[in-house]
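The chain contents come next:
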Amino acid sequence: MILLLGIQSVGYIRDLSKASVNIIADNYNSLRYASDMMTSLDSIEYDSAAMLPLLETLALQQKNITEADEFQATGALQQRIAMLQDTVTPRTIQLVRSDLYRIMELNMAAIQAKSRLLSDASEEAMWWLAITAVLCVLIAFVFLIRFPRGVVKPITMLKEGILEIANFNYDKRLDFKHNKEFKTVAESFNKMAEKLSEYRRSTVEDLMTNKKRIEAIVNSLHEPIIGLDPDKKILFMNNEAFTILNLKPIDVIGKNAAEVALGNDLLRRLIRGLYSSEKDDEPLKIYADNKESYFQMENIPLYISPIGEKEQNFIGNVIILNNITKYKELDSAKTNFISTVSHEMKTPISSILMSLQLLEDSRLGALNDEQKALSQSIRESSDRLLKITGELLNMTQLETGKLQLMPKVTKPIELIEYAVGATRVLAERFGCFVEVEYPEKISKLFVDSEKIAWVITNLLSNAIHHSPEGSRIIVGAAEHDKTVDIYVQDFGRGIDPRYHKSIFDRYFRVPGTKVQGSGLGLAISKEFVEAHGGTIGIESEVGKGSRFTVTLPV
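- By the naming in an unreviewed UniProt entry, the protein is histidine kinase, taken from Alistipes indistinctus YIT 12060.
- A UniProt comment under Catalytic activity (unreviewed entry) is attached to the protein, and it reads "ATP + protein L-histidine = ADP + protein N-phospho-L-histidine."

See the structure below:
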């Protein structure tokens, strides 16, 4: 269409150009010759030399005759000029001038006629070009509508077919008989759909067998298991779960867990974690197997990567109740055993310390240096045993829930002074200098002073044990908003950040530590502080010392 418009435009332009050239080359030249002869004629009366240009211009005019009447007018002009060569008279000059006017009128009339023809031709060319352009636009619009549709239609049909296959409709077939380009694609698609259909028919039985096998495995497990889809609908439960929850399959399978939980307290407790970000590690106490049993709930979100995709999609949750009854019984037996042993050990340890005190009494006789060293070693070992026994008793109280707090209004300085006094001898023996930082004004605390004083004493004792000889140890307090911080800072070897969380676990000791201990002090301290609604934390870097901070509400 662009080529058609171009050829037509060029043709019209050539025609108009020829018409314009004819006007300029023919009629315009005749007018110019007549004008030049008119000029020569004006000066011929007093200048005979003007005859020569007149004759030359006449010769040019004779060669440029284009109009029908112009030949006769030019012939008449030639005769008059011949008469003018014989005798120059005003009458002859007037006749020549009349012939020149006649030639000019003929050419002017021709120019006007050709101009009208040129204008008509231009208008006709404009209309034809406009008509051709409109036809081209219409044809282009039709192509714009139909051509993309013709290209996209088979692609759309192919896309719909693929979606049908993705939705497991393997009976879908494509037919592109009238489209050479997509005919091969349709044949390949139909072969694929046929093979998938055959594969599906052959594997349904295998899938059902595997499904029943998995159901049998799940039902054989002694741990209750519940499966939920992303919308929290119950997909399956094993027999143990039905027994524990006292439910029947017909009442729960395929129903929303929240709706079923409205009439079942235990299920409501199990799914509570699905709707809350808080993690509940407290074991569940359930009456099962004709006794009180303990179960630890484990919520496992499930993700899969669909075939052909890289991103994982959430497909639901599996709730598993791990039966920890035997471990709970063993833990209770361990706690009772430690409590009994620790309590029974306090009496002989106290007797040892009493006997040692009597032995060291100068009234019974002086001890030599070797005996003094032995008695000092016995005292240190007994003190250490007594401290470990006390820690074990505190731990058994915490484990059995028998910890009783006796809070009272206490000044933070009283707790700090108690800890400093209790560790004064230890600090002198290790050559450490304990500094107290205390503000002029600070709020009082409502705490069990014995328990919190024990915590600060334990932190100060640890700082002394892990500080080099002659180093400083700072113990102090500071108030922030509605809390009071009591801190103990040393400048010893410090603790690797990897162990900052683990040091508050029971029986944990930082690798490479030479100072002996039970590994219970910080764990007990954490329990005591949290029982008061407070927190305990650490800031430490290797080689720069450690700072333990106990934060309590005012």
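Next, the rest of the story.
**Digging into the overall build of the protein**
Piece 1. Check the secondary structure of the protein and you find 15 helices and twelve strands.
Piece 2. Put simply, of all contacts in the protein between residues at least 6 apart along the chain, 61% involve residues at least 24 apart.
Piece 3. Roughly 35700 Å² of accessible area belongs to the protein as shown, and the carbon and sulfur atoms make up 56% of that amount.

**Some words on the packing of helix H12 (residues 412–422) against helix H14 (residues 449–465)**
Piece 1. Across the interface, H12 lies against H14 with an axial gap of 8 Å and an inter-helix angle of 50°. One finds that H12 runs oblique with respect to H14. Relative to H14, the crossing made by H12 is right-handed. Across the interface between the two elements, Leu415, Tyr418, Ala419, Val420 and Ala422 from H12 touch Ser449, Ile452, Ala453, Ile456, Thr457 and Leu460 from H14.
Piece 2. Of the residues that constitute the contact of H12 with H14, the class distribution is nine nonpolar, two polar and no charged.

**Considerations on unusual backbone geometry**
Piece 1. The backbone of Asn246 sits at a positive phi, close to 60°, despite the residue not being glycine.
Piece 2. Structurally, Asn246 is set in the loop between helix H6 (239–245) and helix H7 (249–252).
Piece 3. By relative accessible area, Asn246 is classed as exposed at 70%.
Piece 4. A positive phi angle is found at Asp481, which is not glycine, with a value near 55°.
Piece 5. The topology assignment puts Asp481 in the loop between strand E9 (472–480) and strand E10 (483–490).

**Thoughts on the environment of Tyr303**
Piece 1. With respect to the helices and strands, the residue Tyr303 is situated in strand E4 (residues 291–304).
Piece 2. Separated by eleven residues in sequence, Tyr303 and Phe314 have C-alpha atoms that sit 4.6 Å apart.

**A word on H14**
Because each turn of an α-helix spans 3.6 residues, side chains separated by three or four positions end up pointing in the same direction.
Piece 1. Given a rise of 1.5 Å per residue, 17 residues ought to cover 24 Å, and the 24 Å separating the end C-alpha atoms of H14 matches this to within 8%.
Piece 2. Most of H14 sits inside the fold, with 13 of its 17 residues counted as buried.

**Quick word on the pairing of E9**
In regular strands, side chains alternate between the two faces of the sheet.
Piece 1. Alignment of strand E7 (residues 433–437) against E9, held across five bridges, turns out to be parallel. Residue pairing across strands places Glu437 opposite Gly476, the latter belonging to E9.
Piece 2. Pairing geometry for E9 and E10, over eight bridges, is antiparallel. Across the sheet, residue Val475 finds its bridge partner in E10, namely Val488.
Piece 3. In this antiparallel pair of consecutive strands, E9 and E10, the connection spans two residues, and Asp481 shows a positive phi of 55°.

**What about the packing of aromatic side chains?**
Piece 1. Tallying each qualifying case throughout the model produces four aromatic pairs.
Piece 2. Seen from their ring centres, Tyr303 and Phe314 are 5.5 Å apart, and the 55° between their planes marks the pair as tilted. Highlighted residues: Tyr303 in strand E4 and Phe314 in strand E5 (residues 313–323), separated in sequence by eleven residues.
Piece 3. Judged by relative accessible area, Tyr303 falls into the partly exposed class, the value being 45%.
Piece 4. Taking 5.7 Å as the distance between ring centres and 75° as the angle between the ring planes, the aromatic pair formed by Trp454 and Phe528 counts as edge-to-face. Of this pair, Trp454 sits in helix H14 while Phe528 sits in helix H15 (residues 521–531); the two residues are 74 residues apart in sequence, bridging distant segments of the chain.
Piece 5. Note that Arg547 overlies the ring of Tyr487, its terminal NZ or CZ placed 3.9 Å from the centroid.

**Looking at the environment of Gln312**
Piece 1. For Gln312, the location among the structural elements is in the loop between E4 and E5.
Piece 2. When its relative accessible area of 55% is taken as the criterion, Gln312 is described as exposed.
Piece 3. Note: C-alpha distance between Gln312 and Leu302 (ten residues apart in sequence) is 9.6 Å.
Piece 4. Here Gln312 is in contact with Tyr303, Ile304 and Ser305, once residues within four sequence places are set aside.

**Observations concerning the sheet that holds strand E11 (residues 535–541)**
Piece 1. Taken in spatial order, the five strands make up an open sheet running E7-E9-E10-E12-E11, and their pairing is mixed. Looking at the sheet topology across the chains shown, the edges are occupied by E7 and E11. Averaged over all pairs of adjacent strands, the angle between their axes in this sheet comes to 15°, without regard to strand direction.
Piece 2. Note that E11 and strand E12 (residues 545–553) share seven bridges and pair antiparallel. By the bridge assignment for E12, Ser540 is matched with Ser546.

**With respect to the pairing of strand E2 (residues 234–237)**
Piece 1. Where strand E1 (residues 225–228) and E2 come together, three bridges link them in antiparallel fashion. Following the sheet pairing, Leu228 is matched in E2 by Ile234.
Piece 2. Counting the residues in the hairpin turn of E1 and E2 gives five residues, including Lys232, whose phi is positive at 65°.

**As for the pattern of salt bridges**
Piece 1. This model, assessed by the stated rule, comprises seven salt bridges.
Piece 2. The shortest N-O distance in the salt bridge between Glu530 and Lys526 comes to 2.8 Å. Of this pair, Glu530 and Lys526 both sit in helix H15, four residues apart, which is roughly one turn of the helix.
Piece 3. We classify Glu530 as partly exposed; its relative accessible area is 41%.
Piece 4. Residue classification places Lys526 among the partly exposed positions, given a relative accessible area of 28%.

Rules behind the numbers
Residues numbered from 1 in each chain as written. Predicted model: local features only at pLDDT ≥ 70, side-chain atom pairs only at ≥ 80, totals over all residues. Heavy atoms only, no water. UniProt positions renumbered as here; feature names shortened; annotations may be inferred. Helix = DSSP H or I, 4+ residues; strand = E, 2+ residues; numbered from the N terminus. Contact = heavy atoms within 4.5 Å. Areas by Shrake-Rupley, 256 points an atom, 1.4 Å probe, with all protein chains shown as cover. Axes fitted to C-alpha atoms, helices over the stretch in contact; angles between N-to-C directions. Parallel < 35°, antiparallel > 145°, perpendicular 65-115°, else oblique. Left-handed = near helix turned anticlockwise from the far one by under 90°. Nonpolar A, V, L, I, M, F, W, Y, C, P; charged D, E, K, R; others polar. Buried < 20%, exposed > 50% of the residue type's maximum accessible area, 1.4 Å probe, protein only. Expected span 1.5 Å × (residues − 1). Pairing = 2+ DSSP bridges. Phe/Tyr/Trp six-rings, centres within 6.5 Å; stacked < 30°, edge-to-face > 60°. Lys NZ or Arg CZ within 6 Å of the ring centre and 35° of its normal. Salt bridge = Lys/Arg side-chain N within 4 Å of Asp/Glu carboxyl O.

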